[in-house]
Amino acid sequence: MTSFLKTLVRTPWFWGIVGIVLLLTLNVIKDPTYLSVGINPTTGMLAGNLLDILRVSAPIIMIALGMTFVIATKGIDLSVGSIMAVGGAAAMESLSAAGAPTSVGAMLTAIGIALLLGAVLGLVNGLLVSVIGLQPFISTLVMMLAGRGIARVITGGQNTNATNEPFRQIANGQILGLPISFVAAIVIVVLVSVIMRRTALGLMIESIGVNPAASRLAGIRPRPILIAVYILSGVLAATGGLFTVSEVMTVDVSGTGYQMELDAILAVVIGGTSLAGGKFSILGSTVGALLIATLNKTVLFLGISAAATPAFKAIVIVVLVLLQSERVRGYVLRLGRTRSRKEAVA
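About the cut-offs
- Residue positions are given per chain, counted from 1 along the sequence in the order it is written.
- Only residues with pLDDT of at least 70 get local features here, since the model is predicted, and only at 80 or more are side-chain atom pairs given and counted; chain-wide, interface and lining totals rely on the full set of residues.
- To get the side-chain values, take all heavy atoms of the structure and skip hydrogens and water.
- Patch construction takes residues with relative accessible area above 30% that form no salt bridge. Like charges are linked within 9 Å, and nonpolar side chains (Val, Leu, Ile, Met, Phe, Trp, Tyr) are linked within 5 Å.
- Accessible surface area values rest on a Shrake-Rupley calculation with a 1.4 Å probe, where residue burial reflects the displayed protein chains alone.
- A pair is scored as a salt bridge if a Lys or Arg side-chain nitrogen falls within 4 Å of a carboxyl oxygen belonging to Asp or Glu.
- For the purposes of this entry, the term helix denotes a DSSP run of H or I that reaches at least four residues, the term strand denotes a run of E that reaches at least two, and both are numbered from the N terminus.
- To sort residues, take the accessible area from a 1.4 Å probe on protein chains only and compare it with the maximum for the residue type: under 20% means buried, over 50% means exposed, and anything in between is partly exposed.
- Multiplying one less than the number of residues by 1.5 Å gives the expected span of a helix.
- Angular values range over 0 to 180 degrees, each being the angle between N-to-C directions of two axes fitted as lines to C-alpha atoms, with helices fitted over their stretch in contact.
- Any angle between 65 and 115 degrees counts as roughly perpendicular, while under 35 counts as roughly parallel, over 145 as roughly antiparallel, and the rest as oblique.
- Crossing handedness: left-handed means the near helix sits turned counterclockwise from the far one by under a right angle, and right-handed means the same turn made clockwise.
- It only takes one pair of heavy atoms within 4.5 Å for two residues to be counted as in contact.
- Contacts described as polar in this section are N or O atom pairs within 3.5 Å, which, within protein, must combine one atom able to donate a hydrogen with one able to accept it, while residues neighboring in sequence count only if both atoms come from side chains.

Asker: Could you give an account of a nonpolar patch on the surface, with specific residues and numbers?
Answerer: The grouping of Leu 35, Val 37, Ile 39, Leu 46 and Leu 50 at the surface amounts to a nonpolar patch, some 390 Å² of accessible area in total. As for its placement among the helices and strands, Val 37 is situated in the loop between helix 2 (12-30) and strand 1 (38-39).

Quick look at the structure:
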């Protein structure tokens with residue numbers, strides 16, 4: 001049992017769960033009914049803060065999942081927020097042009113167009129990194145800027161809204177009391193996990209991140225894997241954009257996905273995936289995304305001013321990262337042993 005606890009404490013995502021529990025506890029102290037779930041008399045569905053957290057976590061889970069594999073290859077994708085805007089813009093324009101408020105076909109067409117655009121933009125990132133040889137930071141930074149421009153071109157520079165009930169249900173509907181978007185996000189996480197861990201793809205991604213030269217000597221071709229990783233990141237970012245715009249049925253070309261790349265990177269790091277590349281943790285990134293969603297909800301619930309919000313989030317994240325550090329934990333343990341000895345002597 002002791003060895004199990006020691007292993008658990010050394011697991012990065014464990015401290016993400018601890019952070020979620022502490023944030024929820026902080027909210028409960030302010031409002032004892034914070035965790036209560038009830039029936040919304042208007043919609044007849046379950047409603048509550050916990051369900052809101054799960055709903056807003058869905059797009060963060062998607063972009064964090066894609067970012068996990070990019071970072072595992074020793075790369076970075078700064079364009080995920082902009083690709084979210086492009087996917088959301090394409091979906092809203094498609095639904096607006098269709099003018100079919102109840103058409104499932106119009107919804108599927110909009111989703112297909114958004115995912116296709118996400119794949120194309122991810123492909124461009126992959127080609128710039130693997131074929132042209134640009135640094136991932138530079139190539140995805142260019143796409144981050146270009147993506148917003150593409151979103152504005154798609155919408156004509158205006159925020160676009162549409163009416164389509166099946167599409168709206170993606171974020172606002174429920175399955176067994178859980179938001180459909182969250183359930184879909186978890187299903188996607190499980191499917192991707194199976195692909196990565198049941199095939200050699202995950203191992204090849206990690207090998208490229210650890211030592212690209214050695215992976216080439218082992219017969220692994222980094223170029224197609226890098227392209228596939230950035231395409232996957234683009235598709236997942238577009239999926240996150242679909243989850244975001246379906247909640248309000250409006251795309252804000254400037255606001256949708258704004259700074260979400262930072263949340264994705266933080267979620268991945270909190271989950272234990274090293275920015276230096278190599279081994280990745282899908283479960284850790286998912287927990288990190290839930291933590292970011294809980295943190296964002298807590299900031300709003302506590303009424304923290306917009307000026308103080310970045311500082312509050314930074315403090316929470318720094319504390320979690322320190323708790324993950326072997327050096328910090330070792331120092332605390334040594335300090336505790338020293339104090340115990342002094343008390344025993346006294």
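Now that the structure has been shown, we can carry on.
Asker: An account of the pattern of salt bridges is needed here, citing residue identities and associated values.
Answerer: One pass over the full model with this rule turns up four salt bridges. Put simply, Asp 52 and Arg 55 hold a salt bridge, and the shortest N to O gap is 2.8 Å. With Asp 52 and Arg 55 both in helix 3 (residues 49-72), this residue pair falls three residues apart, about one helical turn. Taking relative accessible area as the criterion, Arg 55 reaches 13% and is therefore assigned buried.

Asker: Mind laying out helix 11 (residues 222-248), listing which residues take part and the relevant values?
Answerer: The terminal C-alpha atoms of helix 11, which comprises 27 residues, lie 40 Å apart, in line with the 39 Å expected from a rise of 1.5 Å per residue. One or two steps after helix 11, the chain reaches Met 249, where phi turns positive at roughly 55 degrees.

Asker: Explain the packing of helix 8 (residues 180-198) against helix 13 (residues 282-301) to me, and be specific about the residues and the numbers.
Answerer: For the pair helix 8 and helix 13, interaxial distance at closest approach is 10 Å and the crossing angle is 160 degrees. One finds that helix 8 runs roughly antiparallel with respect to helix 13. Once helix 8 is placed against helix 13, the crossing between them reads as right-handed. Across from Phe 182, Ile 186, Val 189, Ser 193 and Met 196 in helix 8, the residues of helix 13 making contact are Ile 282, Thr 286 and Leu 290.

Asker: Help me get a handle on the environment of Ser 281, residues and values and all.
Answerer: Here Ser 281 is to be found in the loop between helix 12 (260-270) and helix 13. The exposure class of Ser 281 is buried, given its relative accessible area of 19%. Each C-alpha atom of the pair Ser 281 and Ala 64 lies 11 Å from the other, and the pair is 217 residues apart in sequence. Setting aside its immediate chain neighbours within four residues, Ser 281 contacts Trp 13, Thr 68, Gly 271 and Thr 273. Reaching out from Ser 281, the side chain makes a polar contact with the backbone nitrogen of Gly 284 at a distance of 2.8 Å.

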